[in-house]
Amino acid sequence: MKGVIFNIVEEVIVAKLGPAAWDEMLSMTGLSGVYTSLGSYPDADLDTLLAACANLTAADPSALLQIIGEGSIPLLFDRYPQFFENALNARAFILSLNTIIHPEVRKLYAGAACPHFNFVEAENTITMGYNSPRRLCHLAHGFILGLATHYDETIAIDQPSCMHDGARMCHIKLTWQ
Ligand code: HEM
(Lines give C-alpha, C1' and ligand atoms only; values in the text may rest on other atoms or scores of the structure.)
Protein backbone atom coordinates (compact mmCIF):
# COMPACT_ATOMS: atom_id res chain seq x y z
CA MET A 1 0.00 0.00 0.00
CA LYS A 2 1.37 3.38 -1.01
CA GLY A 3 2.38 5.84 1.72
CA VAL A 4 -0.01 8.46 0.34
CA ILE A 5 -2.92 6.31 1.56
CA PHE A 6 -1.41 6.17 5.07
CA ASN A 7 -0.85 9.97 4.92
CA ILE A 8 -4.53 10.44 4.13
CA VAL A 9 -5.63 8.01 6.86
CA GLU A 10 -3.52 9.97 9.36
CA GLU A 11 -4.97 13.31 8.21
CA VAL A 12 -8.57 12.09 8.50
CA ILE A 13 -7.97 10.56 11.95
CA VAL A 14 -6.21 13.68 13.24
CA ALA A 15 -9.02 15.89 11.87
CA LYS A 16 -11.77 13.73 13.41
CA LEU A 17 -10.20 12.49 16.66
CA GLY A 18 -7.24 14.82 17.26
CA PRO A 19 -3.46 14.28 17.11
CA ALA A 20 -3.40 12.49 20.47
CA ALA A 21 -5.56 9.70 19.03
CA TRP A 22 -3.06 9.10 16.19
CA ASP A 23 -0.15 9.07 18.69
CA GLU A 24 -2.07 6.65 20.89
CA MET A 25 -2.72 4.37 17.90
CA LEU A 26 1.00 4.35 17.10
CA SER A 27 1.97 3.48 20.64
CA MET A 28 -0.69 0.73 20.76
CA THR A 29 0.63 -0.82 17.54
CA GLY A 30 4.35 -0.12 17.81
CA LEU A 31 4.27 1.31 14.26
CA SER A 32 6.48 4.33 13.55
CA GLY A 33 3.79 6.19 11.59
CA VAL A 34 6.47 7.44 9.19
CA TYR A 35 5.03 7.00 5.70
CA THR A 36 6.47 8.85 2.72
CA SER A 37 3.89 9.32 -0.02
CA LEU A 38 5.91 7.46 -2.69
CA GLY A 39 7.01 4.61 -0.42
CA SER A 40 5.30 1.21 -0.24
CA TYR A 41 4.33 -0.29 3.10
CA PRO A 42 2.73 -3.56 4.24
CA ASP A 43 -1.04 -3.74 3.65
CA ALA A 44 -1.24 -5.26 7.13
CA ASP A 45 -0.26 -1.87 8.65
CA LEU A 46 -3.66 -0.52 7.62
CA ASP A 47 -5.50 -3.38 9.36
CA THR A 48 -3.30 -2.94 12.43
CA LEU A 49 -4.01 0.80 12.58
CA LEU A 50 -7.75 0.24 12.06
CA ALA A 51 -7.83 -2.35 14.83
CA ALA A 52 -6.11 0.12 17.20
CA CYS A 53 -8.54 2.88 16.22
CA ALA A 54 -11.46 0.47 16.76
CA ASN A 55 -10.09 -0.25 20.23
CA LEU A 56 -9.81 3.43 20.99
CA THR A 57 -13.25 4.43 19.74
CA ALA A 58 -15.27 1.21 20.24
CA ALA A 59 -16.28 1.53 16.57
CA ASP A 60 -16.25 -1.28 14.04
CA PRO A 61 -13.09 -1.31 11.82
CA SER A 62 -15.23 -1.46 8.65
CA ALA A 63 -17.29 1.55 9.81
CA LEU A 64 -14.02 3.39 10.52
CA LEU A 65 -12.72 2.58 7.05
CA GLN A 66 -15.92 3.97 5.55
CA ILE A 67 -15.57 7.18 7.61
CA ILE A 68 -11.94 7.45 6.49
CA GLY A 69 -12.95 6.99 2.84
CA GLU A 70 -15.62 9.66 3.12
CA GLY A 71 -13.24 12.08 4.84
CA SER A 72 -10.57 11.39 2.20
CA ILE A 73 -12.43 12.94 -0.72
CA PRO A 74 -11.81 16.61 0.26
CA LEU A 75 -8.12 15.70 0.77
CA LEU A 76 -7.94 13.95 -2.61
CA PHE A 77 -9.62 17.00 -4.15
CA ASP A 78 -6.86 19.22 -2.69
CA ARG A 79 -4.14 16.92 -4.00
CA TYR A 80 -5.63 16.02 -7.40
CA PRO A 81 -8.13 18.74 -8.44
CA GLN A 82 -7.77 17.79 -12.12
CA PHE A 83 -9.56 14.45 -11.60
CA PHE A 84 -12.59 16.30 -10.23
CA GLU A 85 -12.50 19.13 -12.75
CA ASN A 86 -12.58 16.64 -15.62
CA ALA A 87 -15.68 14.89 -14.24
CA LEU A 88 -18.87 16.95 -14.09
CA ASN A 89 -20.67 14.67 -11.65
CA ALA A 90 -20.15 11.64 -9.40
CA ARG A 91 -21.23 9.23 -12.13
CA ALA A 92 -18.62 10.56 -14.56
CA PHE A 93 -15.99 10.53 -11.82
CA ILE A 94 -16.69 6.90 -10.88
CA LEU A 95 -16.76 5.77 -14.51
CA SER A 96 -13.34 7.39 -15.02
CA LEU A 97 -11.69 5.34 -12.25
CA ASN A 98 -10.48 2.50 -14.53
CA THR A 99 -9.67 4.65 -17.54
CA ILE A 100 -8.22 7.87 -16.09
CA ILE A 101 -7.89 8.15 -12.32
CA HIS A 102 -6.24 4.92 -11.23
CA PRO A 103 -4.07 4.72 -14.40
CA GLU A 104 -2.79 8.25 -13.62
CA VAL A 105 -2.22 7.19 -10.00
CA ARG A 106 -0.13 4.23 -11.23
CA LYS A 107 2.03 6.68 -13.23
CA LEU A 108 2.50 8.94 -10.20
CA TYR A 109 3.12 6.15 -7.71
CA ALA A 110 5.16 3.32 -9.21
CA GLY A 111 3.89 -0.02 -7.98
CA ALA A 112 0.49 1.29 -6.81
CA ALA A 113 -1.96 -1.61 -6.60
CA CYS A 114 -5.14 0.19 -7.57
CA PRO A 115 -8.27 -1.89 -8.07
CA HIS A 116 -10.06 -2.41 -11.40
CA PHE A 117 -13.85 -2.18 -11.14
CA ASN A 118 -16.42 -3.91 -13.36
CA PHE A 119 -19.21 -1.48 -14.10
CA VAL A 120 -22.76 -2.47 -14.98
CA GLU A 121 -24.67 0.66 -15.89
CA ALA A 122 -28.39 1.34 -15.98
CA GLU A 123 -30.35 4.57 -16.15
CA ASN A 124 -30.03 5.68 -12.53
CA THR A 125 -27.73 2.97 -11.18
CA ILE A 126 -24.17 1.71 -11.44
CA THR A 127 -23.19 -1.65 -9.98
CA MET A 128 -19.48 -1.79 -9.26
CA GLY A 129 -17.88 -5.23 -9.14
CA TYR A 130 -14.82 -5.11 -6.90
CA ASN A 131 -12.29 -7.86 -6.35
CA SER A 132 -9.00 -7.27 -4.55
CA PRO A 133 -6.96 -9.26 -2.04
CA ARG A 134 -7.05 -6.13 0.14
CA ARG A 135 -10.84 -6.37 0.48
CA LEU A 136 -11.24 -2.60 0.95
CA CYS A 137 -14.87 -2.34 -0.17
CA HIS A 138 -15.68 -0.22 2.89
CA LEU A 139 -13.07 2.29 1.78
CA ALA A 140 -14.70 2.39 -1.67
CA HIS A 141 -18.12 2.84 -0.01
CA GLY A 142 -16.77 5.80 1.96
CA PHE A 143 -15.18 7.34 -1.15
CA ILE A 144 -18.59 7.24 -2.85
CA LEU A 145 -20.25 8.92 0.15
CA GLY A 146 -17.59 11.62 -0.07
CA LEU A 147 -18.14 12.02 -3.81
CA ALA A 148 -21.90 12.41 -3.25
CA THR A 149 -21.17 15.27 -0.84
CA HIS A 150 -18.58 16.79 -3.15
CA TYR A 151 -20.96 16.85 -6.13
CA ASP A 152 -24.02 17.61 -3.95
CA GLU A 153 -25.85 14.47 -5.07
CA THR A 154 -27.91 11.87 -3.21
CA ILE A 155 -26.64 8.35 -3.87
CA ALA A 156 -28.07 5.29 -2.09
CA ILE A 157 -25.35 2.64 -1.66
CA ASP A 158 -26.12 -1.07 -1.18
CA GLN A 159 -23.71 -3.96 -1.10
CA PRO A 160 -25.62 -7.00 -2.36
CA SER A 161 -22.52 -9.19 -2.07
CA CYS A 162 -19.35 -8.81 -0.03
CA MET A 163 -16.06 -10.70 0.17
CA HIS A 164 -16.20 -10.22 3.95
CA ASP A 165 -19.31 -12.44 3.92
CA GLY A 166 -17.62 -15.11 1.82
CA ALA A 167 -18.61 -13.86 -1.65
CA ARG A 168 -16.06 -14.24 -4.47
CA MET A 169 -16.26 -10.51 -5.10
CA CYS A 170 -18.08 -7.44 -3.78
CA HIS A 171 -20.87 -5.70 -5.63
CA ILE A 172 -21.50 -2.10 -4.69
CA LYS A 173 -24.76 -0.78 -6.13
CA LEU A 174 -25.21 2.97 -6.45
CA THR A 175 -28.67 4.41 -7.03
CA TRP A 176 -29.19 8.09 -7.81
CA GLN A 177 -32.42 9.52 -6.43
C1 HEM B 1 -8.89 11.39 -6.71
C2 HEM B 1 -9.34 10.17 -6.65
C3 HEM B 1 -8.54 8.96 -6.29
C4 HEM B 1 -7.20 8.80 -6.14
C5 HEM B 1 -6.11 9.84 -6.32
C6 HEM B 1 -6.97 7.42 -5.75
C7 HEM B 1 -5.73 6.89 -5.47
C8 HEM B 1 -5.49 5.65 -4.96
C9 HEM B 1 -4.23 5.18 -4.45
C10 HEM B 1 -2.92 5.96 -4.39
C11 HEM B 1 -4.41 3.92 -4.01
C12 HEM B 1 -3.36 3.01 -3.32
C13 HEM B 1 -2.74 2.02 -4.22
C14 HEM B 1 -1.59 1.35 -3.48
O15 HEM B 1 -1.27 1.75 -2.38
O16 HEM B 1 -0.97 0.40 -3.97
C17 HEM B 1 -5.79 3.60 -4.23
C18 HEM B 1 -6.36 2.42 -3.88
C19 HEM B 1 -7.70 2.20 -3.90
N20 HEM B 1 -8.66 2.97 -4.52
FE21 HEM B 1 -8.39 4.78 -5.34
N22 HEM B 1 -8.15 6.76 -5.69
C23 HEM B 1 -9.14 7.67 -5.98
C24 HEM B 1 -10.48 7.45 -6.00
C25 HEM B 1 -11.06 6.25 -5.70
C26 HEM B 1 -12.48 6.01 -5.66
C27 HEM B 1 -13.55 7.04 -5.95
C28 HEM B 1 -12.65 4.69 -5.33
C29 HEM B 1 -13.89 3.91 -5.16
C30 HEM B 1 -15.09 4.31 -5.33
C31 HEM B 1 -11.33 4.12 -5.13
C32 HEM B 1 -11.08 2.85 -4.70
C33 HEM B 1 -9.87 2.39 -4.27
C34 HEM B 1 -9.69 1.18 -3.48
C35 HEM B 1 -10.79 0.25 -2.98
C36 HEM B 1 -8.31 1.05 -3.26
C37 HEM B 1 -7.57 -0.01 -2.44
C38 HEM B 1 -6.68 -0.91 -3.23
C39 HEM B 1 -7.34 -2.26 -3.47
O40 HEM B 1 -8.57 -2.36 -3.41
O41 HEM B 1 -6.63 -3.24 -3.75
N42 HEM B 1 -10.39 5.09 -5.39
N43 HEM B 1 -6.43 4.65 -4.82
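Calculation criteria
- Residues numbered from 1 in each chain as written.
- Predicted model: local features only at pLDDT ≥ 70, side-chain atom pairs only at ≥ 80, totals over all residues.
- Helix = DSSP H or I, 4+ residues; strand = E, 2+ residues; numbered from the N terminus.
- Rg over C-alpha atoms; globule rule 2.2 N^0.38 Å.
- Contact = placed C-beta atoms within 7 Å.
- Domains from an automatic or database assignment.
- Nonpolar A, V, L, I, M, F, W, Y, C, P; charged D, E, K, R; others polar.
- Pairing = 2+ DSSP bridges.
- Axes fitted to C-alpha atoms, helices over the stretch in contact; angles between N-to-C directions.
- Near = placed C-beta within 6 Å.
- Expected span 1.5 Å × (residues − 1).
- Buried ≥ 20, exposed ≤ 12 C-beta atoms within 10 Å, placed from the backbone.

Draft legend 1. Here's a closer look at the overall build of the chain. For the chain, the helix and strand inventory stands at eight helices and four strands. Listed by position from the N terminus, the elements making up the chain come as α-α-α-α-α-α-α-β-β-α-β-β. For 177 residues, the compact-globule estimate of 2.2 N^0.38 gives 16 Å, and the C-alpha radius of gyration of the chain, at 16 Å, lies within 12% of that figure. With respect to the three principal axes, the spread of C-alpha positions in the chain is 50 × 35 × 30 Å. Taking the contacts inside the chain whose residues are at least 6 apart along the sequence as the reference set, 60% of them involve residues at least 24 apart.

Draft legend 2. Region of interest: the domain arrangement of the chain. Its domain assignment divides the chain into domain 1 (3-64) and domain 2 (73-176). With centres defined by C-alpha atoms, the gap from domain 1 to domain 2 works out at 22 Å. Between domain 1 and domain 2, the contact holds seven residues from the first and five residues from the second. Tallying contributions element by element places helix α1 (residues 3-17) first for the side of domain 1 that touches domain 2, with three residues. Tallied by class, residues from the side of domain 1 that touches domain 2 come to three nonpolar, two polar and two charged.

Draft legend 3. A look at the sheet that holds strand β4 (residues 170-176). A sheet is described by the order of its strands in space; here four strands give the open sequence β1-β2-β4-β3, paired in antiparallel fashion. Both outer strands of the open sheet, β1 (118-122) and β3 (155-161), are each paired with one neighbouring strand and no more. Along the sheet, successive strands turn relative to each other by an average axial angle of 20°, direction set aside. Pairing geometry for β1 and strand β2 (residues 125-130), over five bridges, is antiparallel. By the bridge assignment for β2, N118 is matched with G129.

Draft legend 4. Highlighting the site of the ligand. With respect to spatial proximity, 24 residues lie near the ligand, and among them K2, A113, P115, S132 and R134 are the closest. Those elements that place two or more of their residues in the shell around the ligand are α1, α7 (97-108) and α8 (137-150). With five residues, α8 is the largest single contributor of residues to the shell around the ligand. A class-by-class count of the residues in the shell around the ligand yields 20 nonpolar, two polar and two charged.

Draft legend 5. View of α8. The terminal C-alpha atoms of α8 lie 20 Å apart, and with 14 residues this matches the ideal 20 Å at 1.5 Å per residue to within 8%. Along α8, 10 of the 14 residues are buried, which leaves the element largely enclosed by surrounding structure. Among the residues of α8, those classed as buried are C137, H138, L139, A140, H141, G142, F143, I144, G146 and L147. On its buried face, α8 sits against α4 (61-79), α6 (90-95), β2, β3 and β4. Positive backbone phi, at 55°, marks D152, one or two positions downstream of α8.

Draft legend 6. Layout of the environment of L139. As for its position among the elements, L139 is in helix α8. Judged by the 21 C-beta atoms lying within 10 Å of it, L139 falls in the buried class. Linking L139 and D45, residues 94 residues apart in sequence, is a C-alpha distance of 15 Å. Once residues within four sequence positions are removed from consideration, L139 is found in contact with L65, I68 and G69.

Draft legend 7. Here's a closer look at the environment of P103. Summarising the element assignment, P103 is placed in helix α7. For P103, a count of 14 C-beta atoms within 10 Å puts it in the partly exposed group. As a C-alpha pair, P103 and H116 span 13 residues in sequence and 9.8 Å in three-dimensional space.

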